Protein chains: 2
Amino acid sequence: MEFHYRAIGVVHSCFKEKFGIPRQAGLVPDAQGTLELFEPFNRKAYLEGLEGFSHIWLQYVFHAAAMAANKSKVRPPRLGGNRRLGVFGTRSNFRPNPIGLSLVTLEGIAYDGGAHLKLKGIDLLDQTPVLDIKPYIPYADCRPEADGGFARERPKAVLQVRFAVRVRATLHAMPYPERRHLVRLLVQVIQLDPRPAYYGDQPQKQAFGMHLGDWNARWQLDGVVATVIQLEPRPGGPIFRDIA
Amino acid sequence: MEFHYRAIGVVHSCFKEKFGIPRQAGLVPDAQGTLELFEPFNRKAYLEGLEGFSHIWLQYVFHAAAMAANKSKVRPPRLGGNRRLGVFGTRSNFRPNPIGLSLVTLEGIAYDGGAHLKLKGIDLLDQTPVLDIKPYIPYADCRPEADGGFARERPKAVLQVRFAVRVRATLHAMPYPERRHLVRLLVQVIQLDPRPAYYGDQPQKQAFGMHLGDWNARWQLDGVVATVIQLEPRPGGPIFRDIA
């Protein structure tokens, strides 16, 4: 039995690469994106009523996951990457059917010719094709009594995030709302230690970098302290840099 | 952009027809079913770790929903069937991409040559093709602060369920565990008043019937009292009837 689905829209995300994407939606509240709906689904008629919900489910395509239909097991980063579990026992994106499921905050809907849903708390890679939107219904979807198996505990912040002097200068040159957002986003992403689990045994003095929104960020690890040592706009990045 | 998925398994449900299926998973806790996994996904390797979770998400195909790609609006029964909302503002099964999402209780996994997941609290039609299984992760999926829009309130029991004398006789002839289960299931389904919303203005003295598990049930409405007046085994139904 085969089933065919088409994308109803595409996500524009602050996460431009897999590295740094939090393990679940909601872990980085300031992670923003928009869902751009395609014709005809960008007509208001399709969305009426959705604006009354604060949270929505997205069902989408893990478009960057290599098809791994023959793989029955994965190594969840949660377990340090050294224990293999059945793929259906995890939320891994390497699944027989690469369909994702994320609960995100709906900040608003912009009707600007088409329709863009403003999202927060995302864990979605840029350009993710979306198959469906469903409202989050707390009485049905929120089950505090559920046993979360090996993922019972919310991942904790394990790193302290600091900013090097030259990075602070870059930040202070930014308008306040953008600065506040970017600082929060950097702290929220880096403090969860986005390194793959297999780095656990490596020497601690290492630098890591990622694309985050309109920026390239680079940080240096020293024990549990992560210092952001570089922050540069990406090509086509923030406009106020050109104005300044 | 088109995406192709195949069924990893199929649901065997107590709900043999659409009528009577609760509006959301979890509303009828005693609604049982099994998910039969297909080769090769019925190998233990695919499921290892899942047994530690009490609840799971199923992503599945609304196989009995007519494709309604051109319909942008639906009439949620929740709103009495007289208000139209955008399909993405609802959980209607008439969706541009007919993909369902249900949170169900995982009672256990039976490895019997293949693999069967025992489920409770389902809202799934018999023979539903399943695309994916994901563990329910409370810290990510349970958001008590969320605003449930037009579906804020959990649907209430609106009917009192009684059993006619001859139905009670049938029930008392059953072994206790089956009797208890069937009584609970009938009460939980009927008390939510599964009639389509457009019956609201109709005369109240009407009989309704449905297939439920191995049984045909029929009840008579009189105001807010629903009396089960008929309970017959279906062909291929419960074995103990043949023994008695």
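Being a predicted model, the structure only gives us computed values, none of them experimental.

**Student:** How should I be thinking about the sheet that holds strand S4 (residues 55-61) of chain B in this particular structure?
**Tutor:** For sheets, the rule is that strands pair by backbone hydrogen bonds, running either parallel or antiparallel. Residues and elements named next belong to chain B. The 6 strands are arranged S2-S3-S8-S7-S4-S9 in a closed barrel whose pairing can be described as antiparallel. Across the sheet, the mean angle separating the axes of adjacent strands is 45° when strand polarity is ignored. As paired strands, strand S7 (residues 99-112) and strand S8 (residues 114-120) are joined by 7 bridges and run antiparallel to one another. In the strand pairing of S8, threonine 105 is matched with lysine 120.

**Student:** How should I be thinking about the nonpolar core in this particular structure?
**Tutor:** Note that soluble globular proteins tend to have their nonpolar side chains buried in a common cluster. If you look at the biggest cluster of nonpolar residues, it comprises 120 residues, and the most contacted ones within it are Ile56 and Leu186 of chain A together with Ile56 and Leu186 of chain B. Setting aside chain neighbours within four positions, we find isoleucine 56 of chain A in contact with Leu50, Val104, Leu106, Ile133, Lys134, Pro135 and Tyr136 of chain A.

**Student:** Could you clarify how one ought to interpret the sheet that holds strand S2 (residues 9-13) of chain A in this entry?
**Tutor:** Residues and elements named next belong to chain A. Read around the barrel, 6 strands follow the order S2-S3-S8-S7-S4-S9 and close on themselves; strand pairing throughout is antiparallel. Between one strand axis and the next, the sheet turns by 45° as a mean value, whatever way the strands run. Alignment of S2 against strand S3 (residues 32-37), held across 5 bridges, turns out to be antiparallel. For histidine 12, the partnering residue across the bridge sits in S3 and is threonine 34.

**Student:** Is there a simple way to explain the domain arrangement of chain A in this structure?
**Tutor:** How big an interface is tends to be expressed through the accessible area that disappears when the partners come together. All names here are of chain A. Partitioning chain A into domains gives domain 1 (9-141) and domain 2 (160-243). Taken together, the contact pairs 14 residues of domain 1 with 15 residues of domain 2. Taken together, the residues that form the side of domain 1 that touches domain 2 break down as 8 nonpolar, 3 polar and 3 charged.

**Student:** Would you mind going over unusual backbone geometry with me for this structure?
**Tutor:** The phi angle of most residues is negative, glycine excepted, and most peptide bonds adopt the trans form. Residues and elements named next belong to chain A. The omega angle of the peptide bond from glutamate 39 to proline 40 is -5°, so this bond is cis rather than trans. When you line up the elements, proline 40 lands in the loop between S3 and helix H1 (44-47). Positive phi, close to 75°, is recorded for glutamine 127, a residue that is not glycine. Tracing the backbone through its elements, the reader meets glutamine 127 in the loop between strand S8 (114-120) and strand S9 (129-135). For glutamine 127, a count of 12 C-beta atoms within 10 Å gives the class exposed. Unusually for a residue other than glycine, aspartate 193 sits at a positive phi of about 55°. Position of aspartate 193 relative to the elements: it lies in the loop between helix H4 (176-190) and strand S11 (207-212). Classification of aspartate 193 as buried rests on a count of 20 C-beta atoms within 10 Å.

**Student:** Is there a simple way to explain the pairing of S4 of chain B in this structure?
**Tutor:** Residues in a regular strand point their side chains to alternate faces of the sheet. All names here are of chain B. Of all 7 residues in S4, 7 are buried, a share of seventy percent or more. Side chains His55, Trp57, Gln59 and Val61 of S4 all project onto a buried face; the interleaved residues Ile56, Leu58 and Tyr60 project onto the opposite face, where all are buried too. In this structure, S4 lies alongside S7, joined through 7 bridges in antiparallel fashion. Residue pairing across strands places isoleucine 56 opposite valine 104, the latter belonging to S7. In the sheet, S4 pairs with strand S9 (residues 129-135) via 5 bridges, with the strands oriented antiparallel. Bridged to glutamine 59 within S9 is aspartate 132.

Thresholds, definitions, all that
- Residues numbered from 1 in each chain as written.
- Chains lettered and ligands numbered in written order.
- Predicted model: local features only at pLDDT ≥ 70, side-chain atom pairs only at ≥ 80, totals over all residues.
- Pairing = 2+ DSSP bridges.
- Helix = DSSP H or I, 4+ residues; strand = E, 2+ residues; numbered from the N terminus.
- Axes fitted to C-alpha atoms, helices over the stretch in contact; angles between N-to-C directions.
- Core = buried A, V, L, I, M, F, W, Y, C linked by C-beta atoms within 7 Å.
- Buried ≥ 20, exposed ≤ 12 C-beta atoms within 10 Å, placed from the backbone.
- Contact = placed C-beta atoms within 7 Å.
- Domains from an automatic or database assignment.
- Nonpolar A, V, L, I, M, F, W, Y, C, P; charged D, E, K, R; others polar.

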